[in-house]
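Okay, here's what each chain looks like letter by letter:
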Amino acid sequence: MELWHNPRCSKSRSAKAALDEAGVRYTERRYLDEPPTAQELDEVLARIGAEPWDVARLNEPVAKELGLKDLERDRARWIEVMVANPVLIQRPIVVADETAVVARDAESVRKALDSQ
């Protein structure tokens, strides 16, 4: 299990605390420091069952600078932009064996834990 984590984010800290409390083993990936590759992000999106625009942080200043809301819905292009600007990736994301979830609430964290 891997946690794509931003320690400055309260939702991310909550997900980390929930994983710690559950006693599961996981790798903490500070995705702003170690961004995913395009292939990794594509695979995680497939596990989530989402498109990149579904997990994009559209209110980030860089999203506004890039005009992300108006960017054509081309999966590869969005992934390219998100990999180059990882702050645009919603957090936290828990990546499990066969699934991944955007773990912004306790229910989502439980879903990830149940998939193990």
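In the nomenclature of an unreviewed UniProt entry, the protein is known as Arsenate reductase of Actinomadura luteofluorescens. Of the protein, the UniProt comment under Sequence similarities (unreviewed entry) reads exactly: "Belongs to the ArsC family."

Asker: How would you sum up helix α4 (residues 75-84)? Please name residues and give values.
Answerer: Quick reminder: α-helices carry 3.6 residues per turn. Residues three or four places apart thus point the same way. By the burial criterion, the buried members of α4 are W78, I79, V81 and M82. Within α4, the buried residues cover an arc of 165° as seen down the axis, which keeps them to one side. Exposed and oriented more than 90 degrees from the buried face of α4 are A76 and A84. Against the buried residues of α4 lie α2 (38-48) and α3 (61-66). Two or three places before A76, at the opening of α4, D74 has a side-chain oxygen 3.2 Å from that residue's backbone nitrogen.

Asker: Which residues make up the packing of aromatic side chains, and what values go with them?
Answerer: For any pair of aromatic rings, geometry is given as the distance between the ring centres together with the angle between the planes. Following the criterion strictly, the structure yields 1 aromatic pair and no others. Between W53 and W78 the ring centres are 5.6 Å apart and the planes differ by 75°, which places this aromatic pair in the edge-to-face class. Of this pair, W53 sits in the loop between α2 and α3 while W78 sits in helix α4, placing them 25 residues apart in sequence. For the pair W53 and W78, one class covers both residues: buried.

Asker: Outline the nonpolar core, listing residues and values.
Answerer: The biggest cluster of nonpolar side chains holds 21 residues, and the ones touching the most others in it are W4, L41, L68, M82, L88 and I93. By residue number, the principal contributor to this core is α4, which donates 4 residues. Here L68 is in contact with A56, L58, A63, W78, V81 and L88, once residues within four sequence places are set aside. With 11 residues, the next largest nonpolar core counts M1, A103, V109 and A112 among its residues.

Asker: Mind laying out the side chain of T99, listing which residues take part and the relevant values?
Answerer: Summarising the element assignment, T99 is placed in the loop between β3 (93-95) and β4 (100-102). Setting aside anything within four residues of it in sequence, one finds T99 in contact with R47, V94 and S115.

Asker: Before we move on, could you go through the environment of Q116 and cite the residues and values that matter?
Answerer: Along the chain, the position of Q116 falls in the segment after α5 (106-114). Since its relative accessible area comes to 46%, Q116 is described here as partly exposed. In sequence terms Q116 and V24 are 92 residues apart; their C-alpha atoms lie 9.5 Å from each other.

Definitions and cut-offs
Residues numbered from 1 in each chain as written. Predicted model: local features only at pLDDT ≥ 70, side-chain atom pairs only at ≥ 80, totals over all residues. Heavy atoms only, no water. UniProt positions renumbered as here; feature names shortened; annotations may be inferred. Buried < 20%, exposed > 50% of the residue type's maximum accessible area, 1.4 Å probe, protein only. Helix = DSSP H or I, 4+ residues; strand = E, 2+ residues; numbered from the N terminus. Arc of directions from axis to C-beta. Contact = heavy atoms within 4.5 Å. Polar contact = N/O pair within 3.5 Å; in protein donor to acceptor, adjacent residues only side chain to side chain. Phe/Tyr/Trp six-rings, centres within 6.5 Å; stacked < 30°, edge-to-face > 60°. Core = buried A, V, L, I, M, F, W, Y, C linked by side-chain atoms within 4.5 Å.

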